[in-house]
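Residues per chain are reported as follows:
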Amino acid sequence: MSTLPSPSGRLRGQTILVTGTTKGGIGYETARLLGDEGATVLTHARTPDAARSNVESLVVDGNGAGRFVPVAADLSSIAGARALAEAARAAAPGGIHGLVNNAGAGFKDRRLSPDGIEMTMAINHVAVAALTDALLDSLHAGADSLGRPSRIVSMTALIEGRGKVETDWSFPGKYSQTQAYFNAKLANLLWVYAMARRLDGHGITVNAVSPGSVNSGFGAKAGGTFGLVMKLGSPLYGHASKGSAGVIRIMTDPGLATVTGGYHTPSKQKNSSKKSRTEHLQEQVYLQTERTLRAHRDNRQERR
Ligand SMILES: NC(=O)c1ccc[n+]([C@@H]2O[C@H](COP(=O)([O-])OP(=O)(O)OC[C@H]3O[C@@H](n4cnc5c(N)ncnc54)[C@H](OP(=O)(O)O)[C@@H]3O)[C@@H](O)[C@H]2O)c1
C-alpha cells in the first residue's frame, strides 16, 4: 500500500481535475488521496454514468475530507478533450489549482481517432495537450486565487526511452502495440518539458510522473502484449495507490511547490531518458502538437 504520510487537509480550498478515474486504477486512487487531503476533485470518466459511479465509490472509500464532482468526456478526440475543459470550467468557475493527466490506453490493433491520429497517440498525448491548452486560463486563475503556482502532472512510463519521435502521428506502416505506446509516452514527456519551459515563472508548474509497475485494468483493456505482460507480471506489481504517490507528492509537498520540468517516481525526482531530455526533440514535438491543435481549431471554424 501507499507509503504516503497520513492526510492532513493540505489541499483544502483547492480544486483538482483528475482524468481517468476508473475504480482499480491509478486515477481512482489519486482522486481518493487528493480528496483525503481536502481537495475538491473533478472526477473524470469516459461517460457521465461512469463518472457518477466513480464518485459514489470515492465517497464511500474516502475519509470524507474532500468533495468529488463528476465530469465526463471521451478523450479519443480533440473535441472530447475540449468538451472536458468546458465541463471543468463550468464546475470550477473560479479556476482550478491542479490538473492530473492520468487517462491513458493501449490498443492491440491500429485504429485512427476521429482526428486521424493513431489512438494510442491520440489519448496518451494529443488529448493531454488539448485539455491542458484549453485549461491554461483556468489554471492561471487558480494560481492567482491561491498565490502559488497551479500544478499540471502527466503520467508517463518507465519505458518512454524506447519511444521514437515520429512525424506522422497516424503511425502508418507495420503496427506494434508496444511501440505505439512507447512513442506516445515519449512524445508526451518531450512536450511536458517544452511546456514547463514556456510556463516557467508564469504561475504554473508542469511535471511528469512515472508510477512504476502497477496492478490495474490497463492490460486487460489493452489486450495483446500488454494484456499478457500485465497478467503474468501482476503478482509482482504494486497497488494502484503506490502509482499515485508521485502525483500526491507534487500536489502536497511544499518543497515541490515551484519545481517544474521534472520527472518523478513515486519516491523521488530523477532523470528520464537522454532522448526525452533532448531540447530540439522537445521543441519538435511541442510545435507538431501546436500545429495539430491549430488545424483542429481551423477545421472547426470552417465548418461553422
Ligand atoms: N499500470 C501501470 O503499470 C502503468 C505504468 C506506467 C504508466 N501508466 C500510466 O498510468 C495511467 C493510468 O493507468 P492505469 O494503469 O491506472 O490504467 P487504467 O485503470 O486503465 O486507467 C486509465 C484510465 O484512462 C481512461 N481512458 C482510457 N481511454 C479513454 C478515453 N478514450 N476517454 C476517456 N477516458 C479514457 C480509462 O477509462 P476506461 O476504464 O473507461 O477505459 C481509465 O479511467 C495511464 O496514463 C498509463 O499509461 C500505468
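Predicted model only: the values in this text are computed from it and were never measured. (Residues numbered from 1 in each chain as written. Predicted model: local features only at pLDDT ≥ 70, side-chain atom pairs only at ≥ 80, totals over all residues. Heavy atoms only, no water.)

Outline the pattern of salt bridges, listing residues and values.
Scanning all chains against the criterion turns up 10 salt bridges. For Asp61, the salt bridge identified is with Lys23, shortest N-O distance 3.2 Å. You can see Asp61 sitting in helix α2 (residues 48-61) and its partner Lys23 sitting in the loop between β1 (15-18) and α1 (26-36), a full 38 residues away along the chain. Judged by its relative accessible area of 33%, Asp61 is partly exposed. Of the charged contacts, one joins Arg198 and Glu283 as a salt bridge, the two residues approaching to 2.6 Å between their closest N and O atoms. You can see Arg198 sitting in helix α5 (residues 177-199) and its partner Glu283 sitting in helix α9 (residues 279-303), a full 85 residues away along the chain. Judged by its relative accessible area of 33%, Arg198 is partly exposed. (Salt bridge = Lys/Arg side-chain N within 4 Å of Asp/Glu carboxyl O. Helix = DSSP H or I, 4+ residues; strand = E, 2+ residues; numbered from the N terminus. Buried < 20%, exposed > 50% of the residue type's maximum accessible area, 1.4 Å probe, protein only.)

Give me the packing of aromatic side chains: which residues, what numbers.
Geometrically, a pair of aromatic rings is defined through the distance of the ring centres and the angle of the planes. Inspection of every chain in the model, using the stated rule, returns three aromatic pairs. With a centroid separation of 4.9 Å and 75° between ring planes, the pair formed by Tyr181 and Phe226 is classed as edge-to-face. On the criterion of sequence distance, the pair formed by Tyr181 in helix α5 and Phe226 in helix α7 (residues 224-233) is long-range, its members being 45 residues apart. Here Tyr181 and Phe226 have matching classes, each one buried. A connected cluster of aromatic rings, assembled from ring pairs, spans Tyr181, Phe218 and Phe226. A cation sits over an aromatic face here: Arg198 above Tyr286, 3.7 Å from the ring centre. (Phe/Tyr/Trp six-rings, centres within 6.5 Å; stacked < 30°, edge-to-face > 60°. Lys NZ or Arg CZ within 6 Å of the ring centre and 35° of its normal.)

Explain the sheet that holds β1 residue by residue, including any values.
If you trace the eight strands from one edge of the open sheet to the other, you get β3-β2-β1-β4-β5-β6-β7-β8, paired in mixed fashion. With partners counted over all chains shown, the strands left at the sheet margins are β3 (67-72) and β8 (269-270), one partner each. Relative to strand β2 (residues 40-45), β1 is paired through four bridges, and the arrangement is parallel. Looking at β2, one finds that Ile16 is bridged to Val41. Contacts from helix α3 (residues 78-91) reach β1, β2 and β3 within the one sheet, and its direction differs from that of β3 by about 150°. (Pairing = 2+ DSSP bridges. Contact = heavy atoms within 4.5 Å. Axes fitted to C-alpha atoms, helices over the stretch in contact; angles between N-to-C directions.)

Describe the site of the ligand, listing the residues and the values that go with them.
Close contacts around the ligand come from 29 residues, with Thr22, Asn102, Tyr181, Ser216 and Lys221 the closest. A distance of 3.3 Å is found between an oxygen atom of the ligand and a backbone nitrogen or oxygen belonging to Gly20. Side-chain polar atom of Arg46 to an oxygen atom of the ligand: 2.8 Å apart, as the coordinates give it. Here the ligand has 870 Å² of accessible area as a free molecule, and 92% of this is covered by the chains. Among the elements of the structure, α5 and α6 (218-222) are those that each provide at least two residues to the shell around the ligand. (Near = heavy atom within 4 Å. Polar contact = N/O pair within 3.5 Å; in protein donor to acceptor, adjacent residues only side chain to side chain. Areas by Shrake-Rupley, 256 points an atom, 1.4 Å probe, with all protein chains shown as cover.)

Describe the nonpolar core, listing the residues and the values that go with them.
Core analysis: the biggest nonpolar cluster contains 57 residues, and Leu17, Leu42, Leu131, Leu135, Leu139, Ile152 and Trp191 have the highest contact counts within it. Among the elements of the structure, β3, α3, α4 (119-146), α5, β6 (204-209) and α9 are those that each provide at least two residues to this core. For this core, the element with the most residues is α4, which contributes 14 residues. In this structure Leu139 touches Ile96, His97, Gly98, Leu99, Ser150, Arg151, Ile152 and Ile204, once residues within four positions along its chain are discounted. Core analysis: the second largest hydrophobic core is formed by 24 residues, Ile16, Leu33, Val209 and Ile248 among them. (Core = buried A, V, L, I, M, F, W, Y, C linked by side-chain atoms within 4.5 Å.)

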